[in-house]
Amino acid sequence: MHIFLQVVYYSIDNILGTLKSPIFWVVTAIIYFQYGKIANMERDILGTNKKSPLYNTIVSIVFGLIGGVLGSIIFILSGTAINPKDFYLVLPLTLLLSLIHPRFMCFSYAAGIVSLISLIFGYNNMNVSSILFVVGGLHLVESFLILVDGKRGKIPIFMEREEEIVGGFVMNRFWPLPFNIFINNSYMYPVTVIAILGYGDYALTNYPEKKSIVTAGLLSIFSILLLLLSRLSIDYYIFKYIAAIFAPLGHEMTIILGKRIEERGEYIFKAASHGLKVLDVLPNSIGEAMDLNTGDVLLTLNGHRIYSKEAMEEILYFRPNYIWVDVFDIEKGLITKEYKDYQKGIRTLGLVVVSNSSRYGILVEEAKSPLRRWISKYKKKKARFRN
């Protein structure tokens, strides 16, 4: 127990020390830039931002530091030591694979491929066990961060599924992750490494809170299995091959299983036949003041049945001072909610809704690889040249 507490204290002290490092703030700037791009998309959809990029970056720093302490404890107590040369091929291969598809920008794929090359051809005599243990440890930390922070910053979206428009949410989070690990380069010594972890997902058949729990659970299972295989590979050589193969295939199976769970579910943010379904509620809005929530179905507004956003806007066009809404609440059933504003009147409820109306500002598509985008642009230019 005394050793564990010493490791915890050492990890916390060193992780907090990275706040003085310029590299840490360069990584943080990259994350801030990513949140800036997400904020632009959110503003296009909602007309405003729920939280600023600065706020999201600060929250990510806090959770990233916590994750860094967790990762440091795992690597130090396990006695994991890496050789920087082992990652000379992993890093560029990761970037190359990301051109095929964004999800391949993960060490699981590149580390597994490079480990197999080293085992089969004897390339660089790499420490396969340590490389794959680090990959498993980082994914375990990532699963923890997804669990505690993955649902934050959800953005409502509309996607086309089964020839109809359905609502949903996209989740994007990034974390700066400083962690301590031993370097084995002629002699062993501890260093602090700074990495970036990211999470991107969407929820169409489940609520974001539940979707992040499912994703974190699947990823943690993959991580623990990879950690176990990596440790076994130290004593049993055959497990080096098993762990190297499992790293990319296991990660791919985790993604496929997550997608299958998502696709087999029923779309819960489809247009309601008996009213107007609430997808999201803007902060500091009248809808928030009325305690309207995601999944609620608005049946009537001031006694008028509403089936579209346009019908709701028509009723609010003259800025009534008092409104009452019949709502079907998932938990409470049919209830009536009221709101009054005798000074300014009520012009909008600040809701993102799903209806049978075809008037949607932005339809979001799944991410395509840079390679496919470049090929598509090339074909378009070639077609214009022929014409």
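Rules of the game
- Residues numbered from 1 in each chain as written.
- Predicted model: local features only at pLDDT ≥ 70, side-chain atom pairs only at ≥ 80, totals over all residues.
- Heavy atoms only, no water.
- Patch = residues over 30% accessible without salt bridge, like charges linked within 9 Å, V, L, I, M, F, W, Y side chains within 5 Å.
- Areas by Shrake-Rupley, 256 points an atom, 1.4 Å probe, with all protein chains shown as cover.
- Salt bridge = Lys/Arg side-chain N within 4 Å of Asp/Glu carboxyl O.
- Helix = DSSP H or I, 4+ residues; strand = E, 2+ residues; numbered from the N terminus.
- Buried < 20%, exposed > 50% of the residue type's maximum accessible area, 1.4 Å probe, protein only.
- Pairing = 2+ DSSP bridges.
- Core = buried A, V, L, I, M, F, W, Y, C linked by side-chain atoms within 4.5 Å.

Colleague: I'm lost on a nonpolar patch on the surface in this one. Help?
Modeller: A cluster of nonpolar side chains, namely L89, I113, I117, I120, F121 and Y123, defines an oily patch on the protein surface of about 560 Å² accessible area. Counting through the fold element by element, L89 comes out in the loop between β1 (81-82) and α4 (90-98).

Colleague: Even after reading the chapter, I still don't get the environment of A81, so can you show me in this structure?
Modeller: The residue A81 is located in strand β1 in this model. The buried category is assigned to A81, whose relative accessible area is 12%. Sequence separation between A81 and L197 is 116 residues; the distance between their C-alpha atoms is 21 Å.

Colleague: Mind showing me how you'd approach the pattern of salt bridges here?
Modeller: Pairing between side chains of opposite charge can happen when their charged atoms approach one another. One pass over the full model with this rule turns up 6 salt bridges. Between D149 and R173 there is a salt bridge whose closest N-O contact spans 3.1 Å. Here the residue D149 occupies a position in helix α6 (residues 128-149), and R173 occupies one in strand β3 (residues 164-184), the gap between them amounting to 24 residues. An identical accessibility class is assigned to D149 and R173; each is buried. Of the charged contacts in the structure, one is a salt bridge between D201 and K211, with a shortest N-O distance of 3.2 Å. Highlighted residues: D201 in strand β4 (residues 188-203) and K211 in helix α7 (residues 208-235), separated in sequence by 10 residues. If you follow the salt bridges from partner to partner, you end up with D149, R152 and R173 in one network.

Colleague: What is the right way to read the pairing of β3 from this model?
Modeller: Along any regular strand the residues' side chains alternate between the sheet's two faces. Across the 21 residues that make up β3, a large majority, 16, are buried. Two strands pair when backbone bridges link them, and β1 and β3 are joined in this way by 2 bridges, in the parallel orientation. By the bridge assignment for β3, I82 is matched with I183. Of the pairings in the sheet, the one linking strand β2 (residues 155-161) to β3 comprises 7 bridges and is antiparallel in character. Pairing of I157 across the sheet is with G168, part of β3.

Colleague: Quick question: what am I supposed to make of unusual backbone geometry here?
Modeller: Excluding glycine, residues mostly have negative phi values, and the peptide bonds linking residues are mostly trans. Although it is not a glycine, D291 adopts a positive phi angle of roughly 65 degrees. As for its position among the elements, D291 is in the loop between α9 (286-289) and β6 (297-301). Non-glycine residue N302 carries a positive phi angle of around 55 degrees. With respect to the helices, strands and loops of the structure, N302 is situated in the loop between β6 and β7 (304-305).

Colleague: Would you explain the nonpolar core in this entry?
Modeller: The tendency in soluble globular proteins is for nonpolar side chains to be buried as a group. Counting residues in each nonpolar core, the largest one holds 53 residues, and the members touching the most others are F75, L132, W175 and L279. Broken down by element, the residue count for this core peaks at 10 residues, all from α6. One finds V281, M290, L298 and L316 within the second-largest nonpolar core, a separate group that totals 19 residues.

Function cannot be inferred from these measures alone, as they are strictly geometric.
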